[in-house]
Amino acid sequence: MRITVSQFVTLDGVSQGPGSPDEDTSDGFARGGWLVPHMDATFVQRASGWLDLADGLLLGRRTYEAFARDWPKITDPADPFAERMNTLPKYVVTSTLTEGSWHPTTVLAGDPVQTVAELKTRPGREIQVHGSARLADTLLEAGLVDVLRLVVAPTVLRGGRRLLSGAGAPSGLRLVRHEATPNGLLLLEYETTGRAQQGEYEGLSAFV
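- If you check an unreviewed UniProt entry, the protein appears there as Deaminase from Actinomadura syzygii.

In structure tokens form, the structure reads like this:
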């Protein structure tokens with residue numbers, strides 16, 4: 001299976017608490033809910049299409065516990081995400097949980113790179129990382145991510161937990177799809193290309 005990462009981020013790279021002010025207040029974060037004012041029908045349609053590709057969800061403990069608390073409460077049959085979020089297999093990478101409450105859940109203990117590498121060898125389409133910024137960063141640095149999908153909101157928070165901030169080798173990406181929604185969200189899909197390349201500028205003649 002492919003490992004794909006779907007993330008909501010601000011222009012300054014913050015991924016914490018996109019859905020509501022009280023979604024994730026860890027470390028004193030009080031600026032949550034920044035994605036909601038920009039959501040529109042195009043965004044919902046594209047995000048639903050991405051979720052259609054999932055054979056499972058791969059989550060870190062913090063995101064898993066937040067999702068397990070919130071998603072089972074969404075029972076509106078018209079909600080485009082709730083049924084799939086609640087019924088897809090969940091894989092939670094954790095050293096502190098022994099079982100999950102949001103069924104069906106499989107706990108992946110041990111080294112996250114090794115356990116996810118084994119999961120990736122199984123047949124199927126996509127295992128999708130949602131939220132779980134630190135897990136996503138770890139897997140990207142380890143070369144396990146195949147696709148990175150970003151929804152970039154037109155806002156700058158100047159505070160909060162950022163998506164990509166860990167140490168390690170730089171990662172190269174190739175933009176394969178892009179779209180702007182009517183409310184100003186940028187939908188960007190990248191494929192990973194290994195280590196990021198470097199070069200030296202030698203004048204415009206090299207590009208024309």
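A few points about the UniProt feature "domain: Bacterial bifunctional deaminase-reductase C-terminal" (unreviewed entry) in the protein
Reasoning step 1: Residues annotated by UniProt as "domain: Bacterial bifunctional deaminase-reductase C-terminal" (unreviewed entry) correspond here to residues 3-187.
Reasoning step 2: Regarding residues 3-187, the helix share stands at 25% and the strand share at 25%, and the terminal C-alpha atoms are separated by 18 Å.

Let's talk about the pattern of salt bridges
If the charged atoms of two oppositely charged side chains come close together, the side chains can form a pair.
Reasoning step 1: If you walk through the whole model with that rule in mind, you get 14 salt bridges.
Reasoning step 2: Arginine 162 is the partner of aspartate 12 in a salt bridge, and the nearest nitrogen-oxygen pair spans 3.6 Å. In this pair, aspartate 12 is assigned in the loop between β1 (2-10) and α1 (41-52) and arginine 162 in the loop between β6 (147-153) and β7 (171-180), connecting sequence segments 150 residues apart.
Reasoning step 3: For glutamate 118, the salt bridge goes to arginine 122, with nearest N and O atoms at 3.1 Å.
Reasoning step 4: Exposure remark for arginine 122: the relative accessible area of 33% places this residue in the partly exposed category.
Reasoning step 5: The network of salt bridges with shared partners includes Arg2, Glu126, Arg149, Arg177 and Glu189.

Examining the pairing of β7
Remark: a regular strand shows side chains that alternate across the two faces of the sheet.
Reasoning step 1: As judged from the eight bridges shared by β7 and strand β8 (residues 186-195), these two strands associate in the antiparallel manner. Paired with serine 171 across the strands is arginine 195, a residue of β8.
Reasoning step 2: The turn linking β7 back onto β8 is made up of five residues, and glycine 184 within it adopts a positive phi angle of 95°.

Some details on the nonpolar core
For soluble globular proteins, the rule of thumb is that nonpolar side chains tend to be buried together.
Reasoning step 1: In this structure, Met85 and Trp102 are the most contacted members of the largest nonpolar core, which totals 26 residues.
Reasoning step 2: Per element, the largest residue contribution to this core is four residues, and it comes from α1.
Reasoning step 3: With residues near it in sequence (within four places) discarded, methionine 85 still touches Leu51, Leu57, Phe67, Trp71, Lys90 and Trp102.
Reasoning step 4: Among the nonpolar cores identified, the runner-up in size contains 25 residues, and Val9, Val116, Ala133 and Leu135 belong to it.

With respect to unusual backbone geometry
Reasoning step 1: In the segment running from histidine 103 into proline 104, the intervening peptide bond is cis, with an omega of -5°.
Reasoning step 2: Mapped onto the elements of the fold, proline 104 is located in the loop between β3 (90-93) and β4 (105-108).
Reasoning step 3: The phi dihedral of aspartate 27 falls on the positive side, at around 60°, and the residue is not glycine.
Reasoning step 4: Relative to the helices and strands, aspartate 27 resides in the loop between β1 and α1.
Reasoning step 5: One non-glycine residue with positive phi stands out, namely arginine 158, at about 60°.

Considerations on the sheet that holds β1
Reasoning step 1: Reading across the sheet, the eight strands line up as β4-β3-β2-β5-β1-β6-β8-β7 and stay open at both edges, with mixed pairing between neighbours. Of all the strands in the sheet, the pair left with one neighbour each is β4 and β7. Averaged over all adjacent pairs, the angle separating strand axes in this sheet is 25°, with direction ignored.
Reasoning step 2: Direction of pairing for β3 relative to β4: parallel, over a ladder of four bridges.

Thoughts on the pairing of β1
Reasoning step 1: Counting buried positions along β1 gives seven out of nine residues, so the element sits mostly inside the fold.
Reasoning step 2: Two elements, β1 and strand β5 (residues 126-130), share five bridges in a ladder whose sense is parallel. Bridge assignment links threonine 4 to a residue of β5, and that residue is glutamine 128.
Reasoning step 3: Here β1 runs beside β6; their pairing, made up of seven bridges, is parallel. Across the sheet, residue threonine 10 finds its bridge partner in β6, namely alanine 153.

Some remarks on the side chain of aspartate 12
Reasoning step 1: A polar contact is formed between the side chain of aspartate 12 and the backbone nitrogen of arginine 158, at a distance of 2.7 Å.
Reasoning step 2: Apart from the residues lying within four places of it in its own chain, the contact partners of aspartate 12 are Thr155, Val156, Leu157, Arg158, Gly159 and Arg162.

Brief notes about the layout of surface pockets
To find leftover empty space, one rolls a probe the size of a water molecule over the atoms.
Reasoning step 1: Of the volumes computed, that of the largest pocket is approximately 1,400 Å³.
Reasoning step 2: Around the largest pocket, the lining comprises 48 residues; the ones closest to its centre are Glu23, Thr63, Phe67, His130 and Gly131.
Reasoning step 3: For the lining of the largest pocket, the elements supplying multiple residues, two or more each, are β1, α1, α2 (61-70) and α5 (133-141).
Reasoning step 4: The element contributing the most residues to the lining of the largest pocket is α2, with eight residues.
Reasoning step 5: A per-class count over the lining of the largest pocket returns 20 nonpolar, 18 polar and 10 charged.

Conventions we followed
- Residues numbered from 1 in each chain as written.
- Predicted model: local features only at pLDDT ≥ 70, side-chain atom pairs only at ≥ 80, totals over all residues.
- Heavy atoms only, no water.
- UniProt positions renumbered as here; feature names shortened; annotations may be inferred.
- Helix = DSSP H or I, 4+ residues; strand = E, 2+ residues; numbered from the N terminus.
- Salt bridge = Lys/Arg side-chain N within 4 Å of Asp/Glu carboxyl O.
- Buried < 20%, exposed > 50% of the residue type's maximum accessible area, 1.4 Å probe, protein only.
- Pairing = 2+ DSSP bridges.
- Core = buried A, V, L, I, M, F, W, Y, C linked by side-chain atoms within 4.5 Å.
- Contact = heavy atoms within 4.5 Å.
- Axes fitted to C-alpha atoms, helices over the stretch in contact; angles between N-to-C directions.
- Polar contact = N/O pair within 3.5 Å; in protein donor to acceptor, adjacent residues only side chain to side chain.
- 1 Å grid on protein atoms, 1.4 Å probe; cavity = no way out; pocket = protein on both sides within 12 Å on 5 of 7 lines; lining within 4 Å.
- Points joined across faces, edges and corners; volume = space filled by probe spheres on them.
- Nonpolar A, V, L, I, M, F, W, Y, C, P; charged D, E, K, R; others polar.

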